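Now for the letters of each chain:
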Amino acid sequence: MAVACTARAVLPWVWLLAVPAGLAQGSAPAPAGDCTKPVYLTLDTGHMEVAPLIADVLERQQVRVTFFAAQERTKEGDGSLGGHWAPWWRARAAEGHAFASHTWDHTYWRADLGTAAKPSFKVRPSAGPRAGQDFTMTAAEYCAEITKAADRLQAITGQKPLPLFRAPGGKTSPQLIASAQACGYTHVGWSPAGFLGDELSTAQASNEALLRKALRDIRAGDILLAHLGIWSRTDPWAPAVLEPLIVGLKERGFCFRTLREHPDYATKTVR
């Protein structure tokens, strides 16, 4: 069962499992009808520098993922959903990946305001013209923030995004989730073991340690979370850990699926 948690909710860790040899080797995916231990890898946007390398790994390993996208600041180009990266997103759609909103300006929920009948929220975007500012959004404005990213994904890829969203940082409230549901979006967090640690500092958790923990703790049904580049990490998690993790999980009998196939979300009607 997925939960909306943050990095602080899954620490401290104990590292117990050694990394098996040969994890960088490729392996075939499980047949579609023979997936008894599914996991659901999700990737949120970031600075995008490693996005081409991540795409190479996913295609080589024949793994399909769900991307949650916002218009974030990038190391190259005009934002993660800007024109520079549009061909990259179109290529991922052609490969069969799934897409959903991460809000347009990567807008963090900070607090509930207003009333139950007329909710509003204190928010703080980390991107866009009001990055770093606290201000108030009505429920309708927050829904528009989700929809703007979903609409941009559809315009770029020609594929209708899933009627799902992920709040930045997984930060939500029951009122925020209810307001999003009222305009057609279901929130998706991640499993405790699915927090893959790429947001942590390299000094706090090395790539080797993060790989060991993931291979030890991930269980069937888990939703996994990583990013298309984290600004603060000096030793990038991706793609260094990504391919060994995929191969290691395949060796343990796991198979990868998108949220289109997750039992909690597969029956949702398209927005």
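Conventions adopted
- Residues numbered from 1 in each chain as written.
- Predicted model: local features only at pLDDT ≥ 70, side-chain atom pairs only at ≥ 80, totals over all residues.
- Heavy atoms only, no water.
- Core = buried A, V, L, I, M, F, W, Y, C linked by side-chain atoms within 4.5 Å.
- Buried < 20%, exposed > 50% of the residue type's maximum accessible area, 1.4 Å probe, protein only.
- Helix = DSSP H or I, 4+ residues; strand = E, 2+ residues; numbered from the N terminus.
- Contact = heavy atoms within 4.5 Å.
- Disulfide = S-S within 2.5 Å.
- Phe/Tyr/Trp six-rings, centres within 6.5 Å; stacked < 30°, edge-to-face > 60°.
- Lys NZ or Arg CZ within 6 Å of the ring centre and 35° of its normal.

Chemist: Any chance you could explain the nonpolar core here in plain terms?
Modeler: Soluble globular proteins: nonpolar side chains tend toward being buried together. Residues Leu58, Trp89 and Leu245 are the most contacted members of the largest nonpolar core, which totals 58 residues. It is helix H1 (residues 51-61) that provides the largest number of residues to this core, a total of five residues. Excluding its chain neighbours within four sequence positions, the residues that come into contact with Leu245 are Leu196, Leu211, Ala214, Leu215, Ile218 and Trp237. In this structure, Ala139, Ala150, Leu176 and Ala180 belong to the second largest nonpolar core, which totals 14 residues.

Chemist: Can you help me understand unusual backbone geometry in this one?
Modeler: Trans is the prevailing form of peptide bonds, just as negative phi is the prevailing case for residues other than glycine. Of note, the bond from Ala238 into Pro239 is cis; its omega dihedral lies within 30 degrees of zero at 5°. Secondary-structure assignment places Pro239 in the loop between strand S9 (223-227) and helix H6 (242-251). Positive phi outside glycine occurs at Met48, with the angle close to 75°. Among the structural elements, Met48 can be located in the loop between strand S1 (38-44) and H1. A residue is classified by how much of its surface remains accessible, and Met48, at 0% relative accessible area, is buried.

Chemist: Which parts of the structure should I look at to understand the state of the cysteines?
Modeler: Cysteine pairs can be linked by a disulfide, which is a covalent bond between their two sulfur atoms. Within the structure shown, the criterion is met by two disulfides. Here Cys35 is linked by a disulfide to Cys255, with a sulfur-sulfur distance of 1.9 Å. The chirality of the disulfide connecting Cys35 with Cys255 is right-handed, given an S-S dihedral of about 90°. With Cys35 in the segment before S1 and Cys255 in strand S10 (residues 255-256), the pair connects residues that are 220 residues apart, well separated along the chain.

Chemist: Could you clarify how one ought to interpret the packing of aromatic side chains in this entry?
Modeler: Each aromatic ring pair is described using two quantities: the centre-to-centre distance and the angle formed by the ring planes. Tallying each qualifying case throughout the model produces eight aromatic pairs. The structure contains a cluster of three or more aromatic residues connected by ring pairs, namely Phe67, Trp85, Trp88, Trp89 and Phe99. Cation over ring: Arg92 sits above Trp88, and NZ or CZ is 4.9 Å from the ring centre.

Chemist: Just checking my understanding: could you explain H6 for this structure?
Modeler: Within H6, nine of the 10 residues are buried, which leaves it mostly tucked inside the rest of the structure. In this structure, the buried residues of H6 make contact with S1, H1, helix H5 (207-217), S9 and S10. With its phi angle positive at about 90°, Gly253 sits one or two positions after the end of H6.

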